[in-house]
Amino acid sequence: MRCAVCGSERLSPLGEVRTGKDWGDVPILRFYRPKFFSPRPTYRFVLGRGCRDCGALQMFLTDYDRKLLNEEADGLEDVRSDM
Ligand SMILES: [Zn+2]
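Definitions and limits used
- Residues numbered from 1 in each chain as written.
- Predicted model: local features only at pLDDT ≥ 70, side-chain atom pairs only at ≥ 80, totals over all residues.
- Heavy atoms only, no water.
- Donors = N, O, S within 2.8 Å, 3.2 Å for Na, K, Ca; no water.
- Tetrahedral: all angles 85-135°; square planar, octahedral: opposite > 155°, others 65-115°.
- Salt bridge = Lys/Arg side-chain N within 4 Å of Asp/Glu carboxyl O.
- Buried < 20%, exposed > 50% of the residue type's maximum accessible area, 1.4 Å probe, protein only.
- Helix = DSSP H or I, 4+ residues; strand = E, 2+ residues; numbered from the N terminus.

S.K.: Honestly, the coordination of the zinc ion in this entry has me stumped. Any pointers?
M.R.: For a metal bound by four donors in tetrahedral geometry, the ideal donor-metal-donor angle is 109.5 degrees, whereas six donors in octahedral geometry ideally sit at 90 or 180 degrees. Coordination of the zinc ion by the protein comes from Cys 3 (SG), Cys 6 (SG), Cys 51 (SG) and Cys 54 (SG), over a distance range of 2.3 Å. Classification of the site at the zinc ion rests on its four donor atoms, whose angles at the metal span 106 to 114°, yielding the label tetrahedral. Along the chain, the residues donating to the zinc ion fall in the pattern C-x2-C-x44-C-x2-C.

Right, dumping it as structure tokens:
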């Protein structure tokens, strides 16, 4: 596995990624709301590797969210600046 930013192979072991102390405090990726009353498609990242050369963090979706993203990917739209 290589760093997506600098190409280094010097990545840390897999670690948990959190934005706070609580279990639900994880980075998310959200997309444009497909219909007015529908929820915004949201996917959670819980694991990551840090690059020991450039310091970049590579995050990985949960297995469940990765499967969901694959199922919904063709219907996702870019977020808009007026959201
Ligand atoms: Zn790097």
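S.K.: Hey, could you run me through the pattern of salt bridges in this one?
M.R.: Opposite charge on two side chains lets them pair, provided their charged atoms get close. By the definition in use, this model includes five salt bridges. Across the salt bridge formed by Glu 9 and Arg 2, the nearest N and O atoms sit 2.9 Å from each other. Take Glu 9: its relative accessible area is 56%, and that puts it in the exposed class. Here Arg 10 and Asp 53 are joined by a salt bridge, their closest N and O atoms 2.9 Å apart. Placement of Arg 10 in the segment before strand 1 (15–16) and of Asp 53 in the loop between strand 3 (42–50) and strand 4 (57–61) is noted, with a sequence separation of 43 residues between them.

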